[in-house]
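# Understanding the architecture of this molecule
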Amino acid sequence: MKIGILCIATNRYREFIQPLIESIEANFLTAHDVTIHLFTDDLINLKTGLKVEQTIIPSYKFPEATLYR
């Protein structure tokens, strides 16, 4: 089965992506084809065996981040 995971990480939240992906790789549906769709404001060098598709998005401050959803 193919599984897609959507993650959004901009600004200071980029530091949480590597631990999240490591946890997904170790614990989440390990027998299936998992692809992570990562939306971020800067490319992140990730060390993982999973497929990660990074898309660059603008980084907004509060309250624009909520208003533009």
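Bear in mind that the values here come from a model prediction, so they are computed numbers and not experimental data.

Analysis parameters
Residues numbered from 1 in each chain as written. Predicted model: local features only at pLDDT ≥ 70, side-chain atom pairs only at ≥ 80, totals over all residues. Heavy atoms only, no water. Buried < 20%, exposed > 50% of the residue type's maximum accessible area, 1.4 Å probe, protein only. Helix = DSSP H or I, 4+ residues; strand = E, 2+ residues; numbered from the N terminus. Arc of directions from axis to C-beta. Contact = heavy atoms within 4.5 Å. Pairing = 2+ DSSP bridges. Axes fitted to C-alpha atoms, helices over the stretch in contact; angles between N-to-C directions.

Once that is clear, we can look at helix α1 (residues 17–27). Each full turn of the α-helix corresponds to 3.6 residues, which orients residues three or four apart in the same direction. What α1 keeps buried is the set I17, Q18, I21 and I24. End-on, the buried residues of α1 take up no more than an arc of 125 degrees, which puts them together on one face. Set apart from the buried face of α1 by more than 90 degrees, the exposed residues are A26 and N27. Buried positions along α1 lie against β1 (2–9), β2 (33–40) and β3 (51–56). Positive backbone phi, approximately 45 degrees, marks L29, located one or two places after α1.

So, on to the side chain of T10. Its location among the elements puts T10 in the loop between β1 and α1. Setting aside chain neighbours within four positions, we find T10 in contact with T40, D41, I57 and S59.

Another aspect to go through is the sheet that holds β1. Strand order in the open sheet formed by three strands is β1-β2-β3, and the pairing between neighbours is parallel. The two strands at the open ends of the sheet, each matched to only one other strand, are β1 and β3. Sheet twist, expressed as the mean angle between neighbouring strand axes with direction ignored, is 20 degrees.

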